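Chain and residue survey
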Amino acid sequence: MSSKAPPLSPEQSIATMQIQPGYSVIPVLTEPAVEEPAAIAWDGNGRMYVVEMRTYMQNIDGKSQLTPTSRVSRHEDTDGDGVYDKHTVFADNLVLPRMVLPLLDRVIIGETNTLDLKSYRDTDEDGVADEIELWHEGGDRGGNLEHQPSGLIWNIDNWIYTTYTGYRLRFTDGTVVMDPMVYNTGQWGLTHDNVGRMFFSTAGGENPALAFQQPIVYGRIELPGEQVDGFREVFPIDNIPDVQGGLIRVRDDNTLTQFTGGGGQSIFRGDALPKDFDGDLILCEPVGRLIRRAKVTNDDGRITLSIAYDGQEFIAARDPNFRPVNSATGPDGCLYLVDMYRGIIQESNWVRKGSYLRKVVEEYELDKNIGRGRIYRVDHETTKRGPQPHMLDETPAQLVAHLSHPNGWWRSEAQKLIILHRDKSVVPELEELALHGSDPLARLHAFWTLEGLGAIRPELLEKGMQDHDAQVRAAAMRIAEPLLASDDQFDVAIKRLGKDPSALVVIQTLLSVNHGRHPKAEEITDWIVAANQANKNIASIAKQYRSGIEAILAERRKFEEMQSRNKELADSVVRGKVIYSTLCVTCHGENGKGHPSPQGGNLHLAPPLAGSPRVRGHKARLGRILLQGLIGPIDNKTYADGLMMPLASNPDAWIADVANYVRNSWDNQASMIQPSDIRRIREETASRIGPWTMKDLDYYDPPSLKNRTEWKITASANQKNVSQAIDGVNSTRWDTAARQSPGMWFAIELPEPMIVMSVELDTRKSKRDYPRGYVAEVSEDGISWTGPVAKGYGDGPITTIELDSPGLVRHIRITQTGASDTSYWSVHELSIKAIPADAKPPVSMAESLAEIDPNTLAKRATRDGDAMRGASLFYGESISCAKCHDPDSGPRLGPDLTVKRDGVTEQVLVEAVLDPSKEIHKDFQQVSVVTADGLILTGFLVRENDEEIVIREPAGGKEIQILQDDIDDVVPLKVSAMPAGLVNQLNDETEFSDLIRFLIEIQNGGADALNRLKNQ
């Protein structure tokens, strides 16, 4: 176990918590009965099923996580005291189970790396499943285990939902039915409210709650202000900065600033806490060791989330191992919390060697705290726990009564079990309840239970549309959707509900007529929007539904077409999407438009990828960005993160997949990048020092050649018109004079060999005449041909063919591989982008300066440098040396450069900038201290004497004292905290001289010189 963050007993851990007044936290199930709990669910008799991820991150590198030794356990409270005292292993030898759904006579379990769902039955009632069957075949599912489906919840609409998957499931008459959805989202955890809205979260996107405005079946709908300002800010009380985002996500006191690991959410629907708790959203934040209570309000049709407490959380703990990962409303009406209780919470992908997070984990030994777990119940001083349910032993007629229960868990469970019994003898009782029940929620569940039994009658729905409760009216309209396309009997009700006093009902009517494909849906929608002009939420939802459905369907058609034409590319895009969602979405955003910076304003963390010429352009440029990283302004705009870290440590296929995804998403379209392309680029850039800048990358995006009059053009047909492809007149063209067929070709001979990057075929004046398929070959002499160096197909008036030429090219031949029954192959204008044979590839500023003697560079700086210009660079947004050496707040992460130090000559200053790891300042020398008991602590060496060593941890600046008697070894680290290649952002050697001259001036003149130059 960790000596820096030792595990506590449940009682000791609770003692570290700040809990809102009147509430208390009670352990009801703890280790050793459970280990690594991740999710919980109860069956109809109140027995708790616990998902135990027993192989999750048992070491810092995440080795052997997929070993099938995890399980789902079952627990019972046999004496009614609220503590679970009977334990069995219900399903064993599982691969990281992640979701569980108890049904009537079986339990459905989903595991990691598969979309298959299995049914587990305990036929001899010993608490252990002895019959296992495939319940739903979904196939394999790869990707990081943090970004795989979760949830598996039975919603009020009788559909079963998970995160990530593009479909929902329904268990009808003993058969599992799958229904595709136009949109789905989320990450870890899923919940629904009384009317079926679901609340998703995405830790990767740092958004604790999204897609909750309307049921997810209607697509992605968001409204401005749905989270009040500051909602994502968190207020933890622990101070271990183990956050993936690094220092940008922690305050000066090392506390987390905003949600980064939010999930495991639940809408509280119980009856054992104060009435004002009903309907609140509970959010778990394991990185911040806290539980957020959010108020959910309906503001004229807009669902809005706000923080329940000003500047505080519902529950926050100082215990570093408190890791709440899930929550749920229990059968007794109380709130339950799942505490995975462990040191490290992030998966190994974010704790790689050299990462910020790994240093923190190692410093506090968080990876050593494993194999524990707690389930807590939250009580209030007024709590009166409800009785143990026995629904599995009750008849459908008895279950109907529970639809009126004040605890939402009982209502939902009873509805599910009635439908699973498939006993329609209770239909009269359900109809009576639907029409005359005293509780609106009971009437709501009665309608949906009738729907689930397939026993809903149109006449009943018409009466439901006249219910005095808006939730019931809206539900009746939604249930009627399958009838709207062919039955006009609801038109009168639609007209009435389209101007209902409740915006909830109006919005549901608008969505239902569209989703139900009413013949006059568009006309009705326009009328509803016009009739409710004062409510902007209604107009916004109508617009989003239309555009969202159209965009998603278009994207789906695009993928299906891609799959039919190039299955290899389509499969790569699917894999790349998983990688992007795992790693890139935090900065670049789910929609590829860049994630807004926490600093506010118009600042974004990273540039947009949607429509980016660097993404759509030649793979030589994008491949270099992904391998070595990118630094500095982009299109004259600065981004908060400033530096895109290199991804070269990943395999070639991994990089190719993520590249193919971003090149073929969000209206981007580009040719496939193969792992061999990445391998070649990796070899070509082996000598590169530091990240790329846009200036360096311009080499790989040359302008179109201007010497077209010197080109020689030949073709398989219509030779007399070939010159019209390069005559500069858009209205003229070369064409094949016949419908497209395989074997037709078009060739270009350049006046001299060049490095050809791409060929563009413009057929905008004959929009259908693009090549239905092509291959490209190249040659230097016109005799020996290499290829294909490109292959693909056109699907629009502009076809850009990216060439992967291994050397100089003079001849290019494009051969048709497709066919068309109606169209010629035409070229109105042909352009080529190529690099001259004598052009020199870019050399980074770091590489260039490394070739010059440091003493010479120092003399140039002294002679020619301008210290004032150097100060502007030092404090500027691009290179921004001041962030570490002269920060506005927080500890220094680099030495005070105004302090004169022996042996630091002007030449040494030059060397320190170009090669930060060559000689590291003693106060910022990172060391690993190995203690006698095997503990490894890493940080900056502050001081050392005969009694102790003091190091400062690089993440938050804390000083750690270690007695010499406890130290086994001290190992200096040879890598500086300052990355190499920062000078690549400089424009020329003059700027480098200016920067060095500034450093010389403040080295010699001290703080006075710094202040003078800084303020001028």
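Residues numbered from 1 in each chain as written. Predicted model: local features only at pLDDT ≥ 70, side-chain atom pairs only at ≥ 80, totals over all residues. Heavy atoms only, no water.

Going by an unreviewed UniProt entry, the protein carries the name Discoidin domain-containing protein and comes from Aporhodopirellula aestuarii.

Quick look at the UniProt feature "domain: F5/8 type C" (unreviewed entry) in the protein
As a reminder of what qualifies: UniProt positions are given in the numbering used here, feature names are shortened, and annotations may be inferred rather than shown by experiment. Only DSSP runs of H or I with at least four residues qualify as helices, and only runs of E with at least two residues qualify as strands; both kinds are numbered from the N terminus onward.
This chain's UniProt record puts "domain: F5/8 type C" (unreviewed entry) on residues 692-837. Across residues 692-837 one finds 3% helix and 45% strand; the C-alpha atoms that close the span lie 22 Å apart.

A few points about the packing of aromatic side chains
Ring pairs (aromatic) are described by centroid distance and by the angle formed between their planes. Defined as follows: Whether two aromatic rings pair depends on their centres lying within 6.5 Å, for rings of Phe, Tyr and Trp, where Trp uses its six-membered ring; planes under 30 degrees apart make the pair stacked, over 60 edge-to-face, and the rest tilted. Only protein chains enter the calculation, and the probe is 1.4 Å; a residue is then buried if its accessible area is under 20% of its type maximum, exposed if over 50%, and partly exposed in between. As a reminder, the over-ring test applies to NZ of lysine and CZ of arginine, requiring each to be within 6 Å of the ring centre and within 35 degrees of the ring normal.
Counted under the stated rule, the structure contains 18 aromatic pairs. Ring geometry for Phe874 against Tyr875: centres 5.0 Å apart, planes inclined by 70°, an arrangement best described as edge-to-face. Relative accessible area serves as the criterion here: at 3%, Phe874 is assigned to the buried category. A network of ring pairs unites the aromatic residues Tyr23, Phe268, Phe277, Tyr309 and Phe314 as a single cluster. Its guanidinium or amino end placed over the ring of Tyr341, Arg374 lies 3.6 Å from that ring's centre, counting from NZ or CZ. Directly above the aromatic system of Trp785 lies the positively charged group of Arg813, at a separation of 4.1 Å from the ring centroid.

Brief notes about a negative patch on the surface
What counts is decided by this rule: Patch membership is restricted to residues that have no salt bridge and whose relative accessible area is over 30%. Joining uses 9 Å for like charges and 5 Å for the nonpolar side chains Val, Leu, Ile, Met, Phe, Trp and Tyr. All accessible-area figures derive from a Shrake-Rupley calculation using a 1.4 Å probe, and residue coverage is judged against the displayed protein chains alone. Just to be clear on terms, a salt bridge is a Lys or Arg side-chain nitrogen sitting within 4 Å of an Asp or Glu carboxyl oxygen. Here the positive residues are Lys and Arg and the negative ones are Asp and Glu; neither His nor the chain ends is included. Every charge is mapped onto a representative atom, which is NZ of Lys, CZ of Arg, CG of Asp or CD of Glu.
A surface patch of negative charge is lined by Asp124, Glu125, Asp126, Asp130 and Asp393. For Asp393, a relative accessible area of 58% translates into the label exposed.

Section: the sheet that holds strand β8 (residues 107-110)
Inclusion rule: Two strands are counted as paired when DSSP detects at least two bridges linking them. For helices, the fitted axis covers only the stretch in contact; all axes are lines through C-alpha atoms, and the angles between them, taken along N-to-C directions, range from 0 to 180 degrees.
Reading across the sheet, the four strands line up as β7-β8-β9-β10 and stay open at both edges, with antiparallel pairing between neighbours. If you trace the sheet from one side to the other, it starts and ends with β7 (99-102) and β10 (131-136), each paired once. Pairs of neighbouring strands in the sheet enclose a mean axial angle of 25°, with direction left out of account. Pairing analysis gives five bridges linking strand β9 (residues 117-121) to β10, with the strands arranged antiparallel.

Description of unusual backbone geometry
The omega torsion of the bond from Glu31 to Pro32 falls at 10°, within 30 degrees of zero and hence cis. Among the secondary structure elements, Pro32 is positioned in the loop between β2 (23-30) and β3 (37-42). Backbone torsion omega between Gly787 and Pro788 reads 5°, so that peptide bond is classified as cis. You will see that Arg289, though not glycine, has its phi angle at about 55°, which is positive. Tracing the chain through its elements places Arg289 in the loop between β19 (281-285) and β20 (290-299). Assessed through its relative accessible area of 0%, Arg289 is described here as buried. Unusually for a residue other than glycine, Arg422 sits at a positive phi of about 55°. Locating Arg422 in the fold gives a position in the loop between α4 (408-421) and α5 (427-436). With relative accessibility at 49%, the residue Arg422 sits in the partly exposed group.

Points about the pattern of salt bridges
Tallied over the entire structure, the rule returns 65 salt bridges. Residue Glu36 is joined to Arg342 by a salt bridge in which the shortest nitrogen-to-oxygen separation is 2.8 Å. Taken as a pair, Glu36 in the loop between β2 and β3 and Arg342 in the loop between β24 (335-339) and α2 (356-364) lie far apart in primary sequence, 306 residues in all. Across this residue pair, the class does not change: Glu36 and Arg342 are buried. Among the ionic pairs, Glu365 bridges to Lys368, the shortest N-O distance being 2.9 Å. Looking at Glu365, the relative accessible area reads 4%, which means it is buried. For Lys368, a relative accessible area of 34% corresponds to the partly exposed category. Several salt bridges share partner residues, and in doing so they unite Lys619, Arg624, Asp677, Arg680, Glu684 and Asp804 into one network.

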